[in-house]
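A look at the structure
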Amino acid sequence: MTIRSIAPTRFIPFSTADIIAMCRKDHGEQSPPVIDATDFERFAAMVGQVFHAEFKRDQDNLKKSYAEIDPDADTREVFTIEQTGEAKFIDLLKSVLNKANYEPISQQELEQAMTRSSLFNLRLKVDFDAFSEVLLFCRGQSVRQATVKTWFGLRSKEVEFINYDRVVVYVRYKSETPNDGNASADVRPGATLLKLFQNVPRADLEMLFPNTRPAMRMQDKLLIGIPALVSGGIVLTTKMGATLLLMSSMLGFWFGLRQEPVELNAANLTILCAGLGALGAYLWQQFSKFKNRQLLFLQQLTQNLYFKNLDNNAGVIYRLLNDAEDEEVKESVLAYYFLISAGPADKQALDNTIEQWLASQWQCTMDFEIDDALHKLTRLGLVNQSGSTYSALPLSDAIFKLNEAWKNQWGQIA
C-alpha cells in the first residue's frame, strides 16, 4: 500500500518529545548556540505542566456534562445533578476536538461515502432516521492505494482512496426509536454513543455507525441465485418428477379435467411425501446458504471494526483531552523556539519559517496554526508584540512566567 499526503492539515504528526528533540537537533546545528539546551527542555516541560493544569478544568467540565448521558456509567446517583443538557456537552466536545486539530466531516462528504463502493467488498446500509444527532470529525488525511479483489476473487486491481487517520463519531438515538434489532439490544431509545476509530477509508464511513447492516450486492445475489436455479431444476426433474405427476393428476380430477380419481394408497402417499420432503430440504438448503452469506458479511464487518476501534464513550474523552493538550504544547514550543532562535518576526514570516522547516527537514507538509500558537504565547506572557512584530522573552524570564502561571492554575483548581 502506498501513501500520499493531500491538502495540509493542522495536525502536527510528531509526539511532544520528538518536537523537543527536533528543536534541540536544529539548535545543535547552529554555531554559536543561541539558547541553552537544558533551559529549553525545562521551558518545554513547564509549558506542558501549564496546559495540563488548564485541561484539568476541561476534563472536569466534560466529565460532569457527559455523566448525564454516559451509557456505560456504573455509579449510582445519590444527589440530583443539575441537568446541563446534551448541547453543553457537544459544545465542550467540539472545543476539545478543535484544540486537538480535528476537522468536522461535512454532510456532503458523508453522503458521498454512502454512494461509493466499499473497499471491503461489502454493501452497507445505515438507518439515519434512527438518530437525532450525528457528528463526525477526522484528523489526518492521505491518499492511499490498495489491492482489492474483483470478478469473484479471480482478479485484482489497484484502487486509490482517501484515508482518515482518526475519526470520532458521536450519535444520539431518537427518544422514540424502538429497538428494531438493527443495533445492540443494550441500546435504548435516547442513548448516546461516542467512538474513536483509526485508518478509516472515506468510502467506508457508514460502517462506523452502530446500526449498520450488510446487504446483498448484485454479485452476491448471482452467486446464490444462479446455483439455486440450477439445483432447483435438477430437484424438480429428478427427485420430484413422480410427485409432480401425481399432483397434476389429482388437480386434474379436482378441476374436472380427468375422469378417473387418484387413489391415495401407500405407494402414492410415499411418492407424495418423498417429493415434498425433497422440496423442503432444497428450500432449507437455500435458506441456509443465504444466512451463511449474511454471517460472512457480519464477520467481515466485525473484523474490520475490531482493528479500527480505538476507544468508546468516556474513554474517547480522555484520549481526546490528551491529544488536545499535546497539540497545544507542540504549537507553543515550536512558535517560541523559532522566535527565540531566529529573532523577532511578524506572524506570516514566522508561519512560513516553521512550515518550511518541517517540510524540508522532516518531510512534513502541514498548515501550522500560527494565530493560535501566538495567541497562547501572548496569553501566557511569553512573547511581546510591537506592531506586527513578535519577540520572545529570554528563556529564564519565560520559565519564571510559566512557573507563576502553573502555580496560579493549580491554585484555582484547588
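Everything in this summary refers to the structure shown in the same document. None of these values were measured; they are calculated from a predicted model.

**Considerations on the overall build of the protein chain**
- If you tally the helices and strands in the protein chain, you get 11 helices and 11 strands.
- By the burial criterion, 41% of the 414 residues in the protein chain qualify as buried.
- Contacts in the protein chain between residues far apart in sequence, at least 24 positions, make up 77% of those at least 6 positions apart.

**Examining the packing of helix α1 (residues 16-28) against helix α9 (residues 347-362)**
- The N-to-C vectors of α1 and α9 enclose an angle of 85°; their axes lie 13 Å apart at closest approach. By the angle between their directions, the pair α1 and α9 is classed as roughly perpendicular. Between α1 and α9, the residues in contact are M22, C23, K25 and D26 and W357, L358 and W362, respectively.
- For the contact of α1 with α9, the residue count by class is 5 nonpolar, no polar and 2 charged.

**Side note on the side chain of E206**
- By the secondary structure assignment, E206 is in the loop between β6 (192-201) and β7 (213-215).
- Setting aside chain neighbours within four positions, we find E206 in contact with A113, M114, L124, V126 and T212.

**Topic: unusual backbone geometry**
- Unlike most non-glycine residues, N101 shows phi in positive territory, near 65°.
- Counting through the fold element by element, N101 comes out in the loop between α3 (85-99) and β2 (103-104).

**A word on the pattern of salt bridges**
- Here the structure, examined in full by the defined rule, presents 14 salt bridges.
- With a closest N to O distance of 2.7 Å, R379 and E54 form a salt bridge. Here R379 is found in helix α10 (residues 370-379), whereas its partner E54 is found in helix α2 (residues 37-66), with 325 residues between them in sequence.
- Judged by relative accessible area, which is 43%, R379 ranks as partly exposed.

**Topic: the pairing of β6**
- By the criterion of burial, β6 is predominantly enclosed, with 7 of the 10 residues buried.
- Bridge analysis of β6 against strand β8 (residues 309-312) gives 3 bridges, and the strand direction is antiparallel. Each residue of the ladder has a partner; that of K195, found in β8, is N312.

**Regarding the sheet that holds strand β11 (residues 389-392)**
- The strand order β9-β11-β10 describes an open sheet built from 3 strands, whose pairing is antiparallel. The open sheet has two edge strands, β9 (345-346) and β10 (383-386), and neither has a second partner.
- Sheet topology places β9 next to β11; 2 bridges connect them, and they run antiparallel. Across the sheet, the residue bridging to D346 is T389, located in β11.
- Packed onto the sheet, helix α8 (residues 314-342) meets β9, β10 and β11 and runs at close to 90° relative to β11.

What counts as what
Residues numbered from 1 in each chain as written. Predicted model: local features only at pLDDT ≥ 70, side-chain atom pairs only at ≥ 80, totals over all residues. Heavy atoms only, no water. Helix = DSSP H or I, 4+ residues; strand = E, 2+ residues; numbered from the N terminus. Buried < 20%, exposed > 50% of the residue type's maximum accessible area, 1.4 Å probe, protein only. Contact = heavy atoms within 4.5 Å. Axes fitted to C-alpha atoms, helices over the stretch in contact; angles between N-to-C directions. Parallel < 35°, antiparallel > 145°, perpendicular 65-115°, else oblique. Nonpolar A, V, L, I, M, F, W, Y, C, P; charged D, E, K, R; others polar. Salt bridge = Lys/Arg side-chain N within 4 Å of Asp/Glu carboxyl O. Pairing = 2+ DSSP bridges.

Honestly, that's just the spatial picture; any functional story needs more than this.
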